[in-house]
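Observations on chain architecture
Take a look at the letters that make up each chain.
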Amino acid sequence: MPADEAGVRALGVEGKQYFLTSDKWGKSLWLKEGVWSASVPLASMHIPGKRLLLTITVDGMQAREKSPAVLKDVTVELEFLHEGKVIKRLTERGPDGPTVGFRVADDELGPKDTPTPAFVRDTKGLLDYAKERLRFMQTLPWASRPLPKRFAIVTDCFGYKPGSGFAVRTANKEVLLTELESVRELGVNGLRQTPDFVFDLIKEKKGIGKDLSRIRIAIGVGYPVPIWNAHKNLASGCPYNPAMRGYEEKEKAQILATLAYVEQQAPADEIWLLEVDEIPSVFDWAPESKSHQSTCPYCRAAFHEFLRRQGLTLADFGAKRWEDVRSTYGYWSKSYAETVAAAASAAPSS
Ligand SMILES: [Zn+2]
């Protein structure tokens, strides 16, 4: 970098015409093709208790603008130095895009971060790392025995994209295909999230795709209720709100269309729709969050109805009125409407 301010200005716009060089995690490093960058201490990338999976994305000079010049067929070379001597050199390719990955065996460094033979042996590109794992799976004593066909076993397997960004670890399909072979060795016979080219393999019953059509999990249509936001819709997160009446009919068409799309994308013997990720509660959409189930008169009434259908009576709860029978979650909480009303009556009149 130029030492003076005028020199820096002459470079142009930071992040566009040039990137600041830094050895900090997640920061950009300005690289010139065919020229080694300055070395970066491995310790600066170490996350305690975690193995380092290093992802490098090579942006073109204009790649951050709206029409990114995404690089393809990128080759990244890494050199590991100790006391000025090269102890390992790696080359990893991204045939379809600018992202490559490396497994850096920093968990196998010796005292004071000195390299060990294990560090040198186990530090490798993502493709070799994936191949090594597959070899391990294939040489297990029971590897020759049949893999599950009738039980449906499903997982996510992604990390490939012909680009860069969130959850992208490689732009090499071979890495993902190798991972899928390992996943199959674990018994998996269906997928949820995976790159489109894998769905194509499933659809065309090609390669590993032949073994991955026992089951499929896809994203469904989600909760039918509105989510609490600036519109302050009191039906938010409330499945029993009168405004929700008849929602099943309205959703049916949407669900059928979603199923048809999933089936067309990659058919499977069995398809499950995941309505919401990471197991939340419909009440999380309400202003009171999960306490909604206790504070909302509609949801309480539905709860009472549910209890009565189970043949339960007030005596089973030692209660005199149904009004006192509530879900324990938020039993003492106030609804949003009650809180607003209380604040209004407490406000000094002018
Ligand atoms: Zn409700």
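Details of the structure are given in the entry above.
My aim in this report is to walk through the structure given alongside it, one point at a time. Just so we're clear, the structure is a prediction, and the values are computed from it rather than from any experiment.

Each helix and strand in the protein chain was counted, giving 10 helices and 9 strands. Expressed as a percentage of the 350 residues in the protein chain, the buried residues total 34%. Taking as baseline every contact in the protein chain between residues at least 6 positions apart, the subset at least 24 positions apart corresponds to 60%. If you sum the accessible surface of the protein chain, you get close to 22,200 Å²; carbon and sulfur atoms cover 56% of it.

A full pass over the atoms with the stated rule returns 19 salt bridges. With a shortest N-O distance of 3.1 Å, K173 and D96 are connected by a salt bridge. Here K173 is found in helix α4 (residues 173–185), whereas its partner D96 is found in the loop between β3 (85–94) and β4 (99–104), with 77 residues between them in sequence. For K173, a relative accessible area of 32% gives the class partly exposed. Where R192 meets D156, a salt bridge forms, and the shortest distance between an N and an O atom there is 3.0 Å. Of this pair, R192 sits in the loop between β7 (190–191) and α5 (196–203) while D156 sits in the loop between β6 (154–155) and α4; the two residues are 36 residues apart in sequence, bridging distant segments of the chain. Classification of R192 as buried rests on a relative accessible area of 16%. One continuous salt-bridge network, built from bridges that share partners, spans R51, R103 and D107.

Here we take up the coordination of the zinc ion. Donor atoms from the polypeptide that coordinate the zinc ion comprise C238 (SG), H292 (NE2), C296 (SG) and C299 (SG), at 2.1 to 2.3 Å from the metal. Geometry at the zinc ion is tetrahedral, judged from its 4 donor atoms and the angles of 102 to 114° they form at the metal. Between the donor residues of the zinc ion, the gaps in sequence give the motif C-x53-H-x3-C-x2-C.

A polar side-chain atom of D96 sits 2.5 Å from a polar atom in the side chain of Y160. When residues no more than four places from it in sequence are discounted, the contact partners of D96 are K72, Y160, P162, A171 and K173.

L176, L180, L191, V198, I202 and L212 are the most contacted members of the largest nonpolar core, which has 15 residues in total. Elements supplying a minimum of two residues to this core: α4 and α5. In terms of residue count, the dominant contributor to this core is α5 (5 residues). Core analysis: the next-biggest nonpolar cluster, separate from the first, contains 14 residues, L54, I56, V74 and L90 among them.

A word on the pairing of strand β1 (residues 52–57). Side-chain alternation along β1 places L52, L54 and I56 on a buried face and L53, T55 and T57 on a face that remains uncovered. In this structure, β1 lies alongside β4, joined through 6 bridges in antiparallel fashion. Along β4, the bridge assignment pairs L52 with V104.

Counted by the stated rule, this structure contains 6 aromatic pairs. Taken together, a centroid distance of 6.0 Å and an interplanar angle of 80° make the contact between F80 and F119 edge-to-face. Taken together, the positions of F80 in strand β2 (residues 74–82) and F119 in helix α2 (residues 117–122) put the pair 39 residues apart, joining distant regions of the chain. Look at Y160 and F197: their rings are 5.1 Å apart centre to centre, the planes differ by 75°, and that puts the pair in the edge-to-face class. Taken as a pair, Y160 in the loop between β6 and α4 and F197 in helix α5 lie far apart in primary sequence, 37 residues in all. On the basis of relative accessibility, which here comes to 10%, the residue Y160 falls in the buried class. Positioned above the aromatic ring of Y129 is the side chain of R133, whose terminal nitrogen or guanidinium carbon lies 5.1 Å from the ring centre. The cationic tip of K173 hangs over the ring face of F197; the distance from NZ or CZ to the ring centre is 5.6 Å.

Below, the discussion takes up unusual backbone geometry. Residue D73 is not a glycine yet carries a positive backbone phi of 50°. With respect to the element layout, D73 can be found in the loop between β1 and β2. Even without glycine at this site, K112 takes up a positive phi of about 55°. Here K112 lies in the loop between β4 and α2.

Turning to the sheet that holds strand β5 (residues 124–125), a few remarks are in order. Here 3 strands make up an open sheet; going across it, the order is β1-β4-β5 and the pairing antiparallel. Each having just a single partner strand, β1 and β5 make up the two edges of the open sheet. Relative to β5, β4 is paired through 2 bridges, and the arrangement is antiparallel. Paired with F102 across the two strands is G125, which belongs to β5.

About the cut-offs
- Residues numbered from 1 in each chain as written.
- Predicted model: local features only at pLDDT ≥ 70, side-chain atom pairs only at ≥ 80, totals over all residues.
- Heavy atoms only, no water.
- Helix = DSSP H or I, 4+ residues; strand = E, 2+ residues; numbered from the N terminus.
- Buried < 20%, exposed > 50% of the residue type's maximum accessible area, 1.4 Å probe, protein only.
- Contact = heavy atoms within 4.5 Å.
- Areas by Shrake-Rupley, 256 points an atom, 1.4 Å probe, with all protein chains shown as cover.
- Salt bridge = Lys/Arg side-chain N within 4 Å of Asp/Glu carboxyl O.
- Donors = N, O, S within 2.8 Å, 3.2 Å for Na, K, Ca; no water.
- Tetrahedral: all angles 85-135°; square planar, octahedral: opposite > 155°, others 65-115°.
- Polar contact = N/O pair within 3.5 Å; in protein donor to acceptor, adjacent residues only side chain to side chain.
- Core = buried A, V, L, I, M, F, W, Y, C linked by side-chain atoms within 4.5 Å.
- Pairing = 2+ DSSP bridges.
- Phe/Tyr/Trp six-rings, centres within 6.5 Å; stacked < 30°, edge-to-face > 60°.
- Lys NZ or Arg CZ within 6 Å of the ring centre and 35° of its normal.

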